[in-house]
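# Breakdown of the fold
Spelled out from the first residue to the last, the chains are:
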Amino acid sequence: MGSVRLMKSEDIDAICKSILDINNPDLINQQLDKISNEDLVDLTNKFLERPFQFKSVLTSALNRLFDDTVEFAEMFNNFYEKTYLDLTPLREGTIEKQKQVFSLVKRLIHIGKPPGISAGILLSWIVQEMDEAEDFMIEGLNSNDLDLQRCSLIALNSIISNADIQDKSEYFEILKRVASNISQENTHFLIFGLQYAFEEDEDNFGIILEDEIIRRGIKGAKTYIRVVHGRSKISASILQKAVEMVESEDSESDIFDMGLAKIYENNPGFVVEKLKKILIDHKRIRLADGFLLHKINEIGSGPVIEMLESLIDEGNSVLLNIGESILKDFFPNFEDNADWVDWCGNWKDDTKKEKIILKSLGLILSKLINYKPSEVRDQAIALIKYFAIRNGIDYDAETNWIHLSDSVEGTENKECTIKAFHILEKILYPPTTINVKTLSNNLEKAPNLSKALDAEWLIESASLRNPHPLAYIFCSELPKEVELERLRKELKKEDDKNKRFWLAFEYERSLRTIKYQSYWENVFRVLEEYGVNIRKNKLQDIDNAWDILAEAEVLSSFAPCFDIEPEPDIPELRPKKLDALIEYDGEKALIEIRMVKERLEESLAHGVVSSIPGGKVKSVLRNKFEGQLKGGRADPGIPILIVLSLDEFMGFMDMVEIRNAIYGALQFSYKIRNDTHEIVEEGTKREENAFYGIQGTEIVTAIGAYRRDYDKNDPLVGKLHHPYKPPTNKMSQKFKLRLRDALFGNSEISEKESLMRVPIIDEKMAMLLYANGIEDLGILAGIRENDFVIEGVSWEELSQLQKEAIRVIKAISTGSVRFLKGINQETLTILQNNNIYLINKILELDIPPEGISHEFWSLLKEDAMRILGS
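### What to know about the pairing of strand S7 (residues 702-708)
Extensive coverage of S7 is indicated by the burial of seven of its seven residues. Here S7 shows two buried faces, one formed by Ala 702, Gly 704, Tyr 706 and Arg 708 and the other by Ile 703, Ala 705 and Arg 707.

See below:
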């Protein structure tokens, strides 16, 4: 049959589609008979883009193209490195081409990652057939050329590991002779070969294997552990030696755990002793990970749990601090936890284990804050009731206030879990007995706070059932400087990072008291200095203490920058009052401050609890909007700012929850072509369930959110969030910037780096925009004329930047190449004809599709990298 010359990429695509479902070699060859060698090269390279789909075709194609040229060498190596498939079918097709194979080996020696591997595979095919090839292999084993040596080792290993070869004695002798000459860089391949030989000749190769591992140090030890991980015949003594070598230099390495996992199969006692030493020496935060943890639980964790029990009884400090977190790893079926709750029950009368049992019950119940019935929950709650009696706590009386309003079947299951958590808190963290003398002494060092709240009243509150939070903060004795200095010196000289972790933990805990007390005294010092008076009876409202303390710290931040009138009377909002009216240069804004606490189940739980994204925050905002702001129906004619303080137990991730509440929860979205089912768009979009999606909420000009960080010079860490639509009452650019900087200072957390995803915005321009209130890509996309005046930047320039910001946001949210800079319909058609729909695909390709110039392709890739933040 005559050959058909393929000229177009679409022709190649058509052949790929037609041949994809053919498994019959004869039919495949019939198709390939129609194709010239020149075009078969292009077709084979196309097959190599999806090698596993075309593996049968690839073998036939490579047999046809087999040659000792540089081009074929590159193609063969590409095939091998992409697939690591069994090359036997290819070997059978080239069995008569030994000289060509040998020539190709020499071409391949310096090709590959690392070089020489595919060459070694080919060399192994002909070593037994050609004396010249065998001599070449032996010379290579003694060569200083690392690639050549690697090629020879691969060939030798292939022969030694080949089960079809009966007599390998000659090759074993070669390996013995050259083992000590193999370079450190090729240790990995040497250890593989020695292990293969050991499995067939333990007596001769056990000593050689051990000697080479010791001689090559930690690299040899780690390699050996990797090599024997999945093999059945090993030397227990060599493996233990290798593990000890790794332990001495890198006990936190995953390879150390991998070695212990292999040893645990036959010698759990060895592993248990190593884990015990880790706990005693404080050498890790987590005891076991990955392979080791899986193997222990697969074989049986009994020996490890017995060791943990003995160390708990001895008062091991790691277990006393985080024992429950270590224990949970060694009770398989964590979703069920039946074995763990049984363990808790078995040891319930052992007072040394009581605290760890209680914290273990907390972790178990954290998985069970739901509506489903559970025997494990019932057992855990029964144990908590048992401990409540032992600690003199009336379970029913202490929990009769907890009632869930959910009208869901099984609400009683969730409610009884929350009640159990409440009692756990009472047992584990009983109210601190306030040392009145210490409290009094510390208050003398805090005159402004003492004046604002009345020190005598604060001291009297210490005897109440529910003392004021500041009484707790100021009743702690301040650490002595000599103790702090001791910890500082120990930290400075300690090199072990795990020991440093525990020392740093102790040091920070000691400093915390100083930081907390000085922070709150400074808040009231600033309020006093600027004449901002919060009513004393308001400050003494213990039930709402943290809300009011949040108000105090926010107003303290504003005080140097604004005139402040606490609780102004605004006719439109009567009878409600907001927390403050601030004024600067004739411009005013109303401020309402509220602390956002975790949901009850989240605050009590000992683990992660799933919840509605932004649910608690949105609830707080809606209550303010519908209550104090009358659902947006009353317009005071003044900008309104709601400031949310996050509970200190809510972390930085809760800033994401803030955005979810204000703008809608993020959801993954994608589009698929109906005909080919290929994904043509993928990205994220926000649900239409946001606070600012509620009609009238633009009465709230902005929402500030922060969390407190006592370690920062600007301790309120957060940002301002603005509505989608223009607010009912705007702030001027100058006022907004003053407000932002007063509240957050250098702790403002806008994503200003996102601005640099827009072409022509470099770091300098991004900082200029930020300094003028354009803080991220979203704000830039939503700017309106006259909202922002930036010296040296015209509205026309800003308008162009805005258009680009909108384009970039669309590109991010869809992932579509349609939104790359400079794309026109012709280019889009070329990309789509090549199945390129998504921006990330652009970055995977080095060569542009036919019809797109290299220059324009570079511009597309540059824009893609900028958009994806690569």
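### So, the confidence of the model for the chain
On average, the chain scores 88 in pLDDT, and the residues at 70 or more come to 93%. Throughout residues 1-7 the model reports pLDDT below 50, and contacts reaching past four residues in sequence, or to other chains, amount to 17 contacts. Below a pLDDT of 50 lies the segment residues 649-653, which in the model reaches eight contacts outside its immediate sequence neighbourhood of four places, other chains included.

### Brief notes about helix H31 (residues 497-529)
A rise of 1.5 Å per residue sets the reference length of H31, with its 33 residues, at 48 Å; its end C-alpha atoms lie 45 Å apart and thus fit the reference within 8%. Along its length, H31 reaches its greatest deviation from straightness, about 30°, at Leu 511.

### Focus on the sheet that holds S7
Sheet architecture is open: six strands sit in the order S1-S2-S3-S4-S7-S8, paired in mixed fashion. Looking at which strands have only one partner, the edges of the open sheet turn out to be strand S1 (563-566) and strand S8 (716-721). Neighbouring strand axes in the sheet, compared pairwise and without regard to direction, differ in orientation by 25° on average. Note: strand S3 (residues 587-596) against strand S4 (residues 640-646), seven bridges, orientation parallel. Within the sheet, the bridge partner assigned to Leu 590 lies in S4 and is Ile 640. Together, strand S2 (580-584), S3, S4, S7 and S8 form the strand contacts of helix H37 (residues 733-744), whose direction differs from that of S8 by roughly 155°.

### Quick look at unusual backbone geometry
Leaving glycine out, the prevailing phi sign among residues is negative, and the prevailing peptide bond configuration is trans. Each neighbour pair has its own omega, and for Lys 113 with Pro 114 the value is -5°, a cis peptide bond. Looking at the secondary structure, you find Pro 114 in the loop between helix H7 (98-108) and helix H8 (117-126). The backbone phi angle of Glu 567 is positive, close to 45°, even though this residue is not glycine. Residue Asp 585 is not a glycine yet carries a positive backbone phi of 50°. With respect to the element layout, Asp 585 can be found in the loop between S2 and S3.

### Here's the deal with the pattern of salt bridges
Under the counting rule described, the total for this entry stands at 55 salt bridges. Residues Asp 250 and Lys 222 are paired through a salt bridge, measuring 3.1 Å at the closest nitrogen-oxygen approach. Taken as a pair, Asp 250 in helix H15 (residues 236-250) and Lys 222 in helix H14 (residues 217-228) lie far apart in primary sequence, 28 residues in all. Given a relative accessible area of 18%, Lys 222 falls into the buried group. A salt bridge links Lys 359 to Glu 324, with the shortest nitrogen-to-oxygen separation between them at 3.5 Å. Placement of Lys 359 in helix H22 (residues 354-366) and of Glu 324 in helix H20 (residues 317-328) is noted, with a sequence separation of 35 residues between them. A single burial state applies to Lys 359 and to Glu 324, both of which are buried. A cluster of three or more residues bridged by salt bridges with shared partners is formed by Glu 804, Arg 807, Lys 821, Glu 862, Asp 863 and Arg 866.

### A short note on a nonpolar patch on the surface
Where nonpolar side chains cluster on the molecular surface, the patch consists of Phe 668, Tyr 670, Ile 672 and Ile 679 and spans about 410 Å² of accessible area. Ranked by the residues each element gives to the nonpolar patch, the list is headed by strand S5 (residues 666-672), at three residues. Tracing the chain through its elements places Phe 668 in strand S5. Classification of Phe 668 by relative accessible area gives exposed; the value is 56%.

### Quick word on the packing of helix H19 (residues 302-314) against H20
It is the contact of H19 with H20, at a shortest axis distance of 11 Å, that shows an interaxial angle of 160°. Here H19 lies roughly antiparallel to H20, going by the angle between them. Handedness of the crossing formed by H19 with H20: left-handed. Packed against H19, whose contacting residues are Leu 308, Leu 311 and Ile 312, the element H20 presents Leu 319, Ile 326 and Leu 327 at the interface.

Rules and cut-offs
- Residues numbered from 1 in each chain as written.
- Predicted model: local features only at pLDDT ≥ 70, side-chain atom pairs only at ≥ 80, totals over all residues.
- Heavy atoms only, no water.
- Buried < 20%, exposed > 50% of the residue type's maximum accessible area, 1.4 Å probe, protein only.
- Helix = DSSP H or I, 4+ residues; strand = E, 2+ residues; numbered from the N terminus.
- pLDDT = per-residue confidence, 0-100.
- Contact = heavy atoms within 4.5 Å.
- Expected span 1.5 Å × (residues − 1).
- Bend = angle between axes of the 7 residues up to and from the residue.
- Pairing = 2+ DSSP bridges.
- Axes fitted to C-alpha atoms, helices over the stretch in contact; angles between N-to-C directions.
- Salt bridge = Lys/Arg side-chain N within 4 Å of Asp/Glu carboxyl O.
- Patch = residues over 30% accessible without salt bridge, like charges linked within 9 Å, V, L, I, M, F, W, Y side chains within 5 Å.
- Areas by Shrake-Rupley, 256 points an atom, 1.4 Å probe, with all protein chains shown as cover.
- Parallel < 35°, antiparallel > 145°, perpendicular 65-115°, else oblique.
- Left-handed = near helix turned anticlockwise from the far one by under 90°.

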